[in-house]
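This is what each chain is made of:
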Amino acid sequence: MIRTTFNKLREVKDALPHGSSAVIAEELGIAADDVRDFFRGTAGPESGYHLEPGPDGGIVMLDNTRILEVALRLAWTKNNGI
């Protein structure tokens, strides 16, 4: 389980190249709307995403980190020119 803030997830989203939701969805075999919901904070507990009120937009606990892991890899690749 990973514990972070909603604002930190938004920073990851903002670092992604255009069209990344579709790329992440295709790689993971899920719907692009599921990826968008993850970064909007509207993914439900059934997806392993739990949002609680708190500082920096709230505390997010992730049981399933697959979307975040792929997003971090894509953001790193974009920011390092690979």
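These numbers were taken from a predicted model, which means no experiment stands behind them.

### Re helix α1 (residues 6-15)
Taken together, the buried positions of α1 are occupied by F6, L9 and V12. Buried residues of α1 fall within an arc of 115° about the axis and therefore sit on the same side. Tucked into the core, α1 has its buried residues touching β1 (2-5), α3 (32-40), β2 (49-52), β3 (59-62) and α4 (66-79).

### A closer look at the sheet that holds β3
One open sheet holds the three strands; their spatial order is β1-β3-β2, and the pairing between them is antiparallel. The open sheet is flanked by β1 and β2, the only strands paired with a single partner. Averaged over neighbouring strand pairs, the angle between their axes works out to 20° when direction is ignored.

### What about the environment of G44?
Its location among the elements puts G44 in the loop between α3 and β2. Sequence spacing of G44 and D34 is ten residues, and the spatial spacing of their C-alpha atoms is 9.8 Å.

### Considering the confidence of the model for the chain
When the pLDDT values of the chain are averaged, the result is 91; 99% of them are 70 or greater. No element of the chain has a lower mean pLDDT than β2, which averages 90, and none a higher one than helix α2 (residues 20-28), which averages 96.

Conventions adopted
Residues numbered from 1 in each chain as written. Predicted model: local features only at pLDDT ≥ 70, side-chain atom pairs only at ≥ 80, totals over all residues. Heavy atoms only, no water. Buried < 20%, exposed > 50% of the residue type's maximum accessible area, 1.4 Å probe, protein only. Helix = DSSP H or I, 4+ residues; strand = E, 2+ residues; numbered from the N terminus. Arc of directions from axis to C-beta. Contact = heavy atoms within 4.5 Å. Pairing = 2+ DSSP bridges. Axes fitted to C-alpha atoms, helices over the stretch in contact; angles between N-to-C directions. pLDDT = per-residue confidence, 0-100.

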